[in-house]
Amino acid sequence: MQKNEVMAGWFTEQMADQGTAFSLRLGKGRHLHGEKTPYQTIDIYDTETFGILMVIDGCTMVSTRENFLYHEMMTHPALNSHAAPRDVAIIGGGDCGTLTQVLKHPEVRHATQIDIDERVTRLAEQYFPELTEVERDPRATLLFDDGIKWVKDAAQESLDLIIIDSTDPVGPAEGLFGRKFYKDCIRALRPGGLLVQQSESPLLHLDLIAEMAGYMHEAGFAATRLLHFPQPIYPSGWWSSLHARKGGTQWVERLDAAAVKALGTRYYSAEMHRAAFVMPPFVAARLGTR
Ligand code: SAM
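So, here's what we can say about the structure.

Reading the values: the criteria
- Residues numbered from 1 in each chain as written.
- Predicted model: local features only at pLDDT ≥ 70, side-chain atom pairs only at ≥ 80, totals over all residues.
- Heavy atoms only, no water.
- Pairing = 2+ DSSP bridges.
- Helix = DSSP H or I, 4+ residues; strand = E, 2+ residues; numbered from the N terminus.
- Near = heavy atom within 4 Å.
- Polar contact = N/O pair within 3.5 Å; in protein donor to acceptor, adjacent residues only side chain to side chain.
- Areas by Shrake-Rupley, 256 points an atom, 1.4 Å probe, with all protein chains shown as cover.
- Nonpolar A, V, L, I, M, F, W, Y, C, P; charged D, E, K, R; others polar.
- Salt bridge = Lys/Arg side-chain N within 4 Å of Asp/Glu carboxyl O.
- Buried < 20%, exposed > 50% of the residue type's maximum accessible area, 1.4 Å probe, protein only.
- Axes fitted to C-alpha atoms, helices over the stretch in contact; angles between N-to-C directions.
- Contact = heavy atoms within 4.5 Å.

**Description of the pairing of strand β3 (residues 20-36)**
Here comes step 1: As judged from the six bridges shared by strand β2 (residues 10-15) and β3, these two strands associate in the antiparallel manner. Residue M15 lies in a different strand from β3, and its bridge partner there is T20.
Here comes step 2: Between β2 and β3, which follow one another and run antiparallel, lie four residues, and G19 among them has a positive phi close to 70 degrees.
Here comes step 3: Here β3 hands over to strand β4 (residues 41-47) after four residues, the two strands then running antiparallel side by side.

Following this line, the structure appears as structure tokens:
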């Protein structure tokens, strides 16, 4: 739980354990909405330069201005690292930003989004309609359930890709970062399937990332690799996702120029795809090559 405050016209999220903070100057609307759901506290702010900001349990989640960075990089590298991603599950992602990007891929036959808190989606419909219009896509299914339970009950080898777009590993999301959950994921994935999980900051959370990769290997994934990208409103401004592959001997790379161009992305490209998997020496040293 981060401490945050609205002081002198600014929203500030203090990362007390890191001795850092992130602030956005508020616009005229200031604090637009706040509520406590059965799972978390959700606040919505109007900011002067980043548009609308959603905050969950004091942590910045998504803003109008920058969410494309996160949502493009949580999806396209994963989908283009699979030969034929037909059936996709998104755990979390209640703002529908990840779902929006996943369904830009015509090869995806069905995408199921499972968020524990329906209020995130309902508030996103009000404040981020550009993200939630994807709900009308006939390939999309929105469920409101605990992703831990949903994956446990998922049919064996029924999915090609699982994307974990959750809050930090505390509270309802804690169980999404562990060996038991990864075992349920690998059972639900088809051979060649991928698990992709938002894995926090390579600068601040490298030990957590190493632990997650270790648990994924213990669960039976053949290989893992880290992808990194800028994420201005999250702690350190530098974020990552951990990719785990079920079986296979090498990573797939599907970067047909016309297909990538057709995605109409603003940050993702074939070059960024390749660059985002290149590890800085200090990260490679800590994670090793697996
Ligand atoms: N990081 C994303 C971004 O920047 O756009 C937003 C993440 S999304 C808002 C995080 C979601 O994870 C929340 O909506 C929360 O309800 C959901 N969540 C947390 N624990 C969960 C669980 N066990 N099962 C399903 N969803 C969960």
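Next comes the rest of the description.
**Thoughts on the site of the ligand**
Here comes step 1: Near the ligand lie 25 residues; those nearest to it are Q40, M61, D115, G147 and Y234.
Here comes step 2: Side-chain polar atom of D115 to an oxygen atom of the ligand: 2.6 Å apart, as the coordinates give it.
Here comes step 3: Against a free-state accessible area of 590 Å², the protein chains account for coverage of 99% of the ligand.
Here comes step 4: Each residue belonging to the shell around the ligand can be placed in one class, and the counts come to 11 nonpolar, eight polar and six charged.

**Here's the deal with the pattern of salt bridges**
Here comes step 1: Here the structure, examined in full by the defined rule, presents 17 salt bridges.
Here comes step 2: With its nearest N and O atoms 2.6 Å apart, the salt bridge here joins E125 to R122. Of this pair, E125 and R122 both sit in helix α4 (residues 118-127), three residues apart, which is roughly one turn of that helix.
Here comes step 3: Using a relative accessible area of 29% as the deciding quantity, one classes E125 as partly exposed.

**Here we look at the sheet that holds strand β10 (residues 159-165)**
Here comes step 1: The sheet built from seven strands is open, its strands ordered β9-β8-β7-β10-β11-β13-β12 with mixed pairing. Taken across any chain shown, the strands that pair with only one partner, and hence form the sheet edges, are β9 (140-144) and β12 (223-230). Within this sheet the neighbouring strands show an average axis-to-axis angle of 15 degrees, counted without direction.
Here comes step 2: By the bridge criterion, eight bridges tie β12 to strand β13 (residues 238-245) in an arrangement that is antiparallel. Looking at β13, one finds that A223 is bridged to R245.
Here comes step 3: In the packing of helix α7 (residues 179-188) onto the sheet, the strands contacted are β10 and β11 (189-198), and the crossing angle to β11 comes to about 140 degrees.

**A look at the environment of Y234**
Here comes step 1: Within the secondary structure, Y234 is located in the loop between β12 and β13.
Here comes step 2: Taking C-alpha positions, Y234 is 20 Å from G34, a pair spaced 200 residues apart along the chain.
Here comes step 3: If sequence neighbours within four positions are ignored, Y234 has contacts with T60, M61, Y70 and W239.
Here comes step 4: Only 2.7 Å separates the side chain of Y234 from the backbone oxygen of M61, close enough to count as a polar contact.

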